[in-house]
Amino acid sequence: MITVTGTLVWYYHICPRETWLIAHQIVADQDDSNVEYGRFLQEHVYEREKKELTIGHLKVDVMKSREGQLIIGEVKKSSASQESARMQLLFYLYELKQMGIEAEGELLFPEERRKQRVVLDEAGIREVEILKEKVVDIVSKQLPPPPMKIKWCRNCAYRELCWA
Ligand code: SF4
């Protein structure tokens, strides 16, 4: 049985091949500077309000309460992959709703000093359900999709694997 996680949802929008590689625990280059930077941001930015939340298969960067409303935040390096980040957050809101927890989302782009509100409405629920089906479909295949040259390859930790 395949468990769809926020990480897989995020990568599906970046590169379906990468989603498969991660799901099958093919280890990427851990010394890659982008991997390092992402980790740095996770650990140091918004430290004051950061409370990492783990519920089952969900790991959420920021959780806080504003006027009685639970806010789930997701910290991202840049808004270049904003659609991935939005879907990941929608996925978290969807999964929490399945557990009976109502929350709103906030995408945080610290370098750009920007936030974006994300709300799970009926259209969002449908989007998440379709996306979950797509992720399960790709991950359950025996082999990954072939590499495709996309703008993300340049900074991808799997680039040696795909293009060496
Ligand atoms: S190098 Fe390119 S094709 Fe390969 S996993 Fe990364 S983004 Fe996908």
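Residues numbered from 1 in each chain as written. Predicted model: local features only at pLDDT ≥ 70, side-chain atom pairs only at ≥ 80, totals over all residues. Heavy atoms only, no water.

- As recorded in an unreviewed UniProt entry, the protein chain goes by the name CRISPR-associated exonuclease Cas4, listed as coming from Aneurinibacillus danicus.
- Note on the protein chain: under the UniProt heading Sequence similarities (unreviewed entry), the record states "Belongs to the CRISPR-associated exonuclease Cas4 family." (UniProt positions renumbered as here; feature names shortened; annotations may be inferred.)

## Considerations on the overall build of the protein chain
- Secondary structure summary: the protein chain contains six helices and six strands in total.
- Buried residues in the protein chain amount to 39% of all 164 residues.
- Here the contacts in the protein chain between residues at least 6 apart in sequence split such that 67% fall between residues at least 24 apart.
- Summed over its atoms, the accessible surface of the protein chain is roughly 9,700 Å², and 52% of this surface lies on carbon and sulfur atoms. (Helix = DSSP H or I, 4+ residues; strand = E, 2+ residues; numbered from the N terminus. Buried < 20%, exposed > 50% of the residue type's maximum accessible area, 1.4 Å probe, protein only. Contact = heavy atoms within 4.5 Å. Areas by Shrake-Rupley, 256 points an atom, 1.4 Å probe, with all protein chains shown as cover.)

## Concerning the confidence of the model for the protein chain
- Here the protein chain averages 83 in pLDDT, and 83% of its residues register 70 or above.
- Mean pLDDT per element in the protein chain: helix H3 (residues 33–44) is the minimum at 52, and helix H5 (residues 122–139) is the maximum at 96. (pLDDT = per-residue confidence, 0-100.)

## What to know about the packing of helix H2 (residues 16–23) against H5
- The N-to-C vectors of H2 and H5 enclose an angle of 65°; their axes lie 9 Å apart at closest approach. In terms of their interaxial angle, H2 and H5 are classed as roughly perpendicular. Considering only the axes of H2 and H5, their crossing is right-handed. The segment H2 lies against H5, with Pro16, Thr19, Trp20 and Ala23 engaging Val135, Ile138 and Val139.
- When its residues are assigned to classes, the contact of H2 with H5 shows six nonpolar, one polar and no charged. (Axes fitted to C-alpha atoms, helices over the stretch in contact; angles between N-to-C directions. Parallel < 35°, antiparallel > 145°, perpendicular 65-115°, else oblique. Left-handed = near helix turned anticlockwise from the far one by under 90°. Nonpolar A, V, L, I, M, F, W, Y, C, P; charged D, E, K, R; others polar.)

## So, the site of the ligand
- Taken together, Cys15, Glu18, Pro147, Met148, Ile150, Cys153, Cys156, Tyr158, Arg159, Cys162 and Trp163 form the complete shell of residues around the ligand.
- Looking at the shell around the ligand element by element, the count peaks at three residues for helix H6 (residues 159–163). (Near = heavy atom within 4 Å.)

## Topic: helix H4 (residues 82–98)
- Spanning 17 residues, H4 covers 24 Å between terminal C-alpha atoms, matching the ideal 24 Å at 1.5 Å per step.
- Counting buried residues along H4, 12 of its 17 residues qualify, which places the element largely inside the surrounding structure.
- Where H4 is concerned, the buried positions are Ser84, Ala85, Met87, Gln88, Leu89, Leu90, Phe91, Tyr92, Leu93, Tyr94, Glu95 and Leu96.
- Once H4 finishes, glycine 100 follows within two positions and takes phi at roughly 85°, a positive value. (Expected span 1.5 Å × (residues − 1).)

## Section: the packing of helix H1 (residues 6–14) against H5
- At a minimum axis separation of 10 Å, H1 and H5 run at an interaxial angle of 85°. Our classification of the angle between H1 and H5 gives roughly perpendicular. The segment H1 lies against H5, with Leu8, Val9, Tyr12 and His13 engaging Leu131, Lys134, Val135 and Ile138.
- Split into classes, the residues belonging to the contact of H1 with H5 amount to six nonpolar, one polar and one charged.

## Things to note about the nonpolar core
- The biggest cluster of nonpolar side chains holds 30 residues, and the ones touching the most others in it are Ile72, Phe91 and Val135.
- The set of elements that each furnish at least two residues to this core consists of H1, strand S2 (58–60), H4, strand S5 (104–109) and H5.
- Among the elements that take part in this core, H4 stands out by supplying nine residues, more than any other.
- In this structure, Trp20, Leu21, Ala157 and Tyr158 belong to the second largest nonpolar core, which totals seven residues. (Core = buried A, V, L, I, M, F, W, Y, C linked by side-chain atoms within 4.5 Å.)

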